[in-house]
Every structure is written in C-alpha cells, then in structure tokens.
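Summary of the model geometry
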Amino acid sequence: MKLSRRKFLKVTSGVVGGGVAAELGLLGVNTAAAAAKAGKVPIKTGRQVPSICPYCAVGCGQIVTVSDAGEIVDIQGNPDSPISQGTLCPKGAATFQLVKNEQRWTTVKYRAPGSDRWEEKPLDWAMHRIAELTKKTRDAHFNEFQELPDGKDGTVKKRVMNTYALASLGGATMDNEWNYLHQKLMHGLGVVYLENQARI
Ligand code: SF4
C-alpha cells in the first residue's frame, strides 16, 4: 500500500483518537487475529477496592477487583494514585499471581545428605525441618559474649547475644509486612547476616 505523508498523519491521528482497528487496517496491519483474541478475553467486573502494592516502599496504588463471592479476580494499577498514576512495575503488575497461581508449588524438593535423588515432601514437613535445624544450629553456635577490639590495641569482652552460623536472604516475593516480621524474628534469634533482594 502506498501511503503519503498526509495520509499517514491522518491515519495515525485516527489511531490515537479512536477507531483503532479500522485505522490500523488502513496502514496494512491485519487486526483480525487481535480482534478474535480480544473477543475471548473475559472482562473482570466486581467491587473495586483501592489498595497499595505490598512489595516496596514506593507504595504504588492498586485497584483490587473483588467478585460478589468475595474472591479477588483482578489487580491493576490505580490511575488516581498521585504516586504511580496507574502504573505498576513488572513485580507490582504480577501481584494477582501472589494471590492466585495454579502453577504455584505446594510441596518442596528435598535431597537428604549423601543422597543422589530428590524427594517430594509436604510444605509442613519442610517448615518443621527448617525450625528444627535453625534451633539446633543456634544452640550450638550462640555467642553470649565476644572479645572485641577496645580501640587501644587490646580487646574487651562484651555481651553480643548473636550467632554467625545462620544467615537469611529474602526473595522478591516477600512483601513489606512479611519482611518486617522476618527481620524481627531473625534479630530475636541473634542472626547478623540478614539481607533481602529488594534491600528493604
Ligand atoms: S514493587 Fe513496583 S509496583 Fe510495587 S510499590 Fe514497588 S515500584 Fe510500585
């Protein structure tokens, strides 16, 4: 299709102003596939609840759509938010999957010491195993006192109440509240190596 500059400007202004499919058709773009797909995308309706993205201190606004049955059916950016004006970063845009994700694993893979194979274990089993090993390691390596430099080329014994045998590295799906409680727990245990991917 031969397109003059005048025609191109006319057509693209139509794309911005409305009649997108028809105007793209004039540009030689086949919109049939997109139109067929769009017809099958379910429109998610329900009560819209303003909320805040749980992931970081930016605090982007979200709208959580809730069905009559009280189920979350969608989470999108809130255009009324003065902070984010409807936008969300890729992590915030995936918040719905934090709530609902049929592909989420509900078991863990465990390889026993010395074993050459992975076993499938229930999540509760893993929780108890982690708690058991955390307590055992802390009890074996807890420092009530430690010799520390006194600033005069000597050392001084100080109460430190810590352990260097445990470390905690948080992941991207830990939200603000979880991180708050987690650092409380870790500090309570005396863990000093405490870090999170999101640096919060
Ligand atoms: S994680 Fe992304 S969307 Fe969520 S508050 Fe932070 S910047 Fe905003």
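What comes next concerns the included structure. (Residues numbered from 1 in each chain as written. Predicted model: local features only at pLDDT ≥ 70, side-chain atom pairs only at ≥ 80, totals over all residues.)

1. Quick notes on the overall build of the chain
Across its full length, the chain carries 7 helices and 8 strands. Sorting the 200 residues of the chain into buried and exposed places 6% on the buried side. (Helix = DSSP H or I, 4+ residues; strand = E, 2+ residues; numbered from the N terminus. Buried ≥ 20, exposed ≤ 12 C-beta atoms within 10 Å, placed from the backbone.)

2. Digging into unusual backbone geometry
Positive phi outside glycine occurs at Gln 85, with the angle close to 50°. Mapping Gln 85 onto the fold places it in the loop between strand 3 (72-77) and helix 4 (90-93).

3. Section: the sheet that holds strand 7 (residues 155-170)
A sheet is described by the order of its strands in space; here 3 strands give the open sequence 6-7-8, paired in mixed fashion. A strand with exactly one partner marks an edge of an open sheet, and here the two such strands are strand 6 (142-149) and strand 8 (191-196). Mean inter-strand twist for the sheet, computed between neighbouring axes without regard to direction, equals 45°. Where strand 7 and strand 8 come together, 5 bridges link them in parallel fashion. Residue pairing in the sheet places Leu 169 in a bridge with Glu 195 of strand 8. Strands in contact with helix 6 (residues 123-140) are strand 6 and strand 7; relative to strand 7, the strand with the most contacts, it is inclined by about 160°. (Pairing = 2+ DSSP bridges. Axes fitted to C-alpha atoms, helices over the stretch in contact; angles between N-to-C directions. Contact = placed C-beta atoms within 7 Å.)

4. So, helix 7 (residues 176-189)
In an α-helix there are 3.6 residues to a turn, and that puts residues three or four apart on one side. Taking 1.5 Å per residue as the helical rise, helix 7 with its 14 residues ought to reach 20 Å, and the 20 Å between its terminal C-alpha atoms agrees with that figure. Following helix 7 by one or two positions, Gly 190 adopts a phi angle in the positive range, close to 95°. (Expected span 1.5 Å × (residues − 1).)

5. A short note on the sheet that holds strand 1 (residues 47-52)
Pairing is antiparallel in the open sheet, where 3 strands are placed in the order 1-2-3. Here the strands that pair on one side only, and so sit at the sheet edges, are strand 1 and strand 3. Along the sheet, successive strands turn relative to each other by an average axial angle of 25°, direction set aside. Pairing geometry for strand 1 and strand 2 (residues 61-66), over 6 bridges, is antiparallel. Across the sheet, Pro 50 pairs through a bridge with Ile 63, a residue of strand 2.

6. Considering the pairing of strand 7
The side chains of a regular strand alternate between the sheet's two faces. Pairing analysis gives 7 bridges linking strand 6 to strand 7, with the strands arranged antiparallel. Bridged to Asn 143 within strand 7 is Asn 162. Between the end of strand 6 and the start of strand 7, which pair antiparallel, lie 5 residues, with Gly 151 showing a positive phi angle near 85°.

7. Here we look at helix 6
Under the 1.5 Å per step criterion, the end-to-end length of helix 6 is 26 Å for 18 residues, consistent within 8% with the ideal 26 Å. Little of helix 6 sits inside the fold, with 0 of its 18 residues counted as buried.

8. With respect to the environment of Arg 47
With respect to the helices, strands and loops of the structure, Arg 47 is situated in strand 1. When the 11 C-beta atoms within 10 Å are taken as the criterion, Arg 47 is described as exposed. In this structure, the C-alpha to C-alpha distance between Arg 47 and Val 66, residues 19 residues apart in sequence, is 5.1 Å.

These figures capture arrangement, not role.
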